[in-house]
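# Architecture and fold: a report
This is what each chain is made of:
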Amino acid sequence: MCVCVCVCVRSDGLIKAVGPADIIESQFKGAKFDNVLDASGMCVIPGLVDAHTHPVWAGDRVHEFAMKLAGATYMEVHEAGGGIHFTVSHTRSATEQQLLDGLQSRLERMMRAGTTLVECKSGYGLELDTELKMLRVINSARNSLPIGISATYCGAHAVPKGKTMEEATQDIMAVQLPKIKMQIASGELQVDNIDVFCEKGVFDLNSTHCILKAGKDMGLNINFHGDELHPMNSAHLGAELGALAISHLEEVTDDGIAAMARAKTSAVLLPTTAYILRLSPPRARDMLDAGVIVALGSDFNPNAYCCSMPMVMHLACVLMKMSMPEALAASTINAAYALNRSHTHGSLEIGKQGDLVIINAPRWEHLVYQFGGHQELIRYVIIKGEVVYENAKVLNL
C-alpha cells in the first residue's frame, strides 16, 4: 500500500496527516501547498536522531589513529598526553568563532546524512570559562541551523591535568554547576542534560553520583558515560538516580542490564567506538531481550570521526546483531526517548515535528544495507516541514 506523508508547512512545522495516498488526497482535496514533493517509488522515514556526539572541539587527532592501529589502547593514548587532553588544550585556545565554524560544518554534514536531531556535548574545557564557551557555541548553532539540538554539559569528561579527581569534582560542584545554573535561569544558556565519564582512572561512582545528582536537582536530564572500559556498576547507579540514558555499556553486567530495564533507563550504544578501539561491542541482543530501550549514537568526536547515522546502523546490525528494523527504531524513536524528545520527534505521527528523510529506493533498508552509500540514496532531508537538503544527483537502483 502506498503511504503518503503530508506535512503542511506552517509556522509550527508539525505533521498534519499520515496515511494511504488516496485518503490523504481526499482529505486535502482542493488545498493549496507551498511545496509538493513527488516521492513516487521512494521511501519516507522519520528524521534520524543521533543520541551521543562530541562535536565542539579544535585540534586534529588523525595522528592518534596510527597509534591505535599499532595497538595502543584508549587509556594508553590518554596517559601519553593524547586523547581528551590533547583536544582540551586546542579547544581552550580556540576562539568562540573558530569553534562555531567547526561545529556548523559538522552539523551540516550530519544533516546531509539524514540526522535531524542531535545531542551535542561540551567537555573539552574541563574548567569554567571553556565549558561556558562551548555551551555558548552550541546555543549559537541551535539558533543558526535548522537541525534540532539537545545540549549536554559534560564538564566531568576527564580529570584536568594537575588536579585530582576529588579536586575536579569539587570544582564542578562549587564553581561550574552554580554558574551554569545562573546562566540557565537568566536565559543566557539552554542546557538539557548532564554527563559524567564514569570510568576507572577518571570519575569513580561516588564522584559521578554527586555530580549527576546535582545536575538533576538543577532540572537537567541524566545522560552519562558508563561501563565502557571496566564494569563500574554505572548501570546500577543510573537506574538508582532515574537516569534518562547511559552511553557505551560495553562492560555492563547482567544485573546492570536488568536494573536499566526496570528503571526504563535507555542504553545509548555506540558501535563506532567499539569498532575503532577494537573493543567487544555492547551486548545489544541481551539488552533488547531484557526489555531495555536501546538507542544508537555516532559518538562523533576526534577519536570516532563518524557523522553518518546510516553507517552507525549498519555497524549495529553487523557488530551487535541488531535487525534493520531494530536499528531504525534505535536511531529514531528510541534515540529521541534518550533525549527526552520522543513526544515530539522520532516517528511519523500527527502532531509531531515534521522531520523526514526521503530515500530514493524501493525499500528503506537500502539506507542500512548500502554501507557508506547513503550519499547516493538520500533525496531530501526535511526539518519542521522545510527542505534543508536536496540531492538531485541520487542514483536509481
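For clarity, every value in this text was computed on a predicted model and none was experimentally measured.

### A look at the UniProt feature "domain: Amidohydrolase-related" (unreviewed entry) in the protein
In this structure's numbering, the residues bearing the UniProt feature "domain: Amidohydrolase-related" (unreviewed entry) are residues 44-388. Across residues 44-388, helical content stands at 45% and strand content at 16%; the span's end C-alpha atoms are separated by 15 Å.

### A look at the sheet that holds strand β12 (residues 356-359)
Within the open sheet, the 4 strands sit side by side as β3-β12-β13-β14. Their pairing is antiparallel. Because the sheet does not close on itself, it has two edges, and the strands there are β3 (43-46) and β14 (386-390). Recorded for the sheet is a direction-independent mean angle of 25° between the axes of neighbouring strands.

### Remarks on the environment of S308
Structurally, the position occupied by S308 is in the loop between β11 (294-296) and α13 (309-320). Overall, the relative accessible area of 5% leaves S308 in the buried class. On a C-alpha basis, the gap between S308 and G297 in space is 9.5 Å, while along the polypeptide they are 11 residues apart. In this structure, S308 is in contact with A113 and H374, ignoring residues within four places of it in sequence. At 3.1 Å, the side chain of S308 forms a polar contact with the backbone nitrogen of M311.

### Focus: the nonpolar core
Of all hydrophobic cores here, the largest spans 98 residues; its most connected members are L107, F203, L269, M287, L296 and I359. Broken down by element, the residue count for this core peaks at 7 residues, all from helix α6 (residues 128-144). Counting residues domain by domain, this core receives three or more from each of domain 1 (5-45 + 354-390) and domain 2 (48-338). Every residue in contact with L269, bar those within four places of it in the chain, is listed here: H248, L249, P282, A284, M287, V294, A295, L296, G297 and M320. Grouped together as the second largest cluster of nonpolar side chains are 11 residues, V49, L117, L270 and A336 included.

### Focus: the packing of aromatic side chains
With the rule as written, the count across this model stands at 4 aromatic pairs. Seen from their ring centres, W57 and Y305 are 6.1 Å apart, and the 80° between their planes marks the pair as edge-to-face. Of the two residues, W57 is situated in the loop between β4 (48-50) and α2 (62-69) and Y305 in the loop between β11 and α13; the sequence distance between them amounts to 248 residues. Classification of W57 by relative accessible area gives buried; the value is 8%. Here Y305 falls in the partly exposed class, since its relative accessible area comes to 44%.

### Side note on a nonpolar patch on the surface
On the surface, a cluster of nonpolar side chains totalling about 300 Å² of accessible area is made up of Y275, V318 and L319. By relative accessible area, which is 53% here, Y275 ends up exposed.

### Details of the pairing of β12
Alternating residues of β12 divide into L356 and I358 and V357 and I359, and every residue in both groups is buried. As paired elements, β3 and β12 share 4 bridges and run antiparallel to each other. Paired with I45 across the two strands is V357, which belongs to β12. Summarising the sheet, β12 and strand β13 (residues 378-383) pair through 4 bridges and their orientation is antiparallel. Residue pairing for β13: L356 is matched across the bridge by I382.

### What to know about the packing of helix α5 (residues 96-112) against α6
Relative to each other, α5 and α6 sit at 50°, their axes nearing to 9 Å. In terms of their interaxial angle, α5 and α6 are classed as oblique. Regarding α5 and α6, the two cross each other, and that crossing is right-handed. Note on element contacts: α6 touches α5 through K133, R136, V137, I138, S140, A141 and S144, opposite E96, L99, L100, L103, Q104 and L107. Broken down by class, the residue content of the contact of α5 with α6 amounts to 7 nonpolar, 3 polar and 3 charged.

### Observations concerning the sheet that holds β11
Strand order in this open sheet of 8 strands is β4-β5-β6-β7-β8-β9-β10-β11, and the pairing throughout is parallel. Two strands bound the open sheet, and with one partner strand each, they are β4 and β11. Adjacent strand axes in the sheet meet at a mean angle of 25°, parallel and antiparallel pairs treated alike. Sheet topology places strand β5 (residues 115-121) next to strand β6 (residues 148-156); 5 bridges connect them, and they run parallel. Of the residues in β6, the one forming a bridge with C120 is A151. Most of the contacts of α6 go to β6, to which it runs at about 175°, and overall it touches β5 and β6. Where helix α7 (residues 165-185) meets the sheet, its contacts fall on β6 and β7 (193-196), and the angle it forms with β6 comes to roughly 155°.

Definitions and limits used
Residues numbered from 1 in each chain as written. Predicted model: local features only at pLDDT ≥ 70, side-chain atom pairs only at ≥ 80, totals over all residues. Heavy atoms only, no water. UniProt positions renumbered as here; feature names shortened; annotations may be inferred. Helix = DSSP H or I, 4+ residues; strand = E, 2+ residues; numbered from the N terminus. Pairing = 2+ DSSP bridges. Axes fitted to C-alpha atoms, helices over the stretch in contact; angles between N-to-C directions. Buried < 20%, exposed > 50% of the residue type's maximum accessible area, 1.4 Å probe, protein only. Contact = heavy atoms within 4.5 Å. Polar contact = N/O pair within 3.5 Å; in protein donor to acceptor, adjacent residues only side chain to side chain. Core = buried A, V, L, I, M, F, W, Y, C linked by side-chain atoms within 4.5 Å. Domains from an automatic or database assignment. Phe/Tyr/Trp six-rings, centres within 6.5 Å; stacked < 30°, edge-to-face > 60°. Patch = residues over 30% accessible without salt bridge, like charges linked within 9 Å, V, L, I, M, F, W, Y side chains within 5 Å. Areas by Shrake-Rupley, 256 points an atom, 1.4 Å probe, with all protein chains shown as cover. Salt bridge = Lys/Arg side-chain N within 4 Å of Asp/Glu carboxyl O. Parallel < 35°, antiparallel > 145°, perpendicular 65-115°, else oblique. Left-handed = near helix turned anticlockwise from the far one by under 90°. Nonpolar A, V, L, I, M, F, W, Y, C, P; charged D, E, K, R; others polar.

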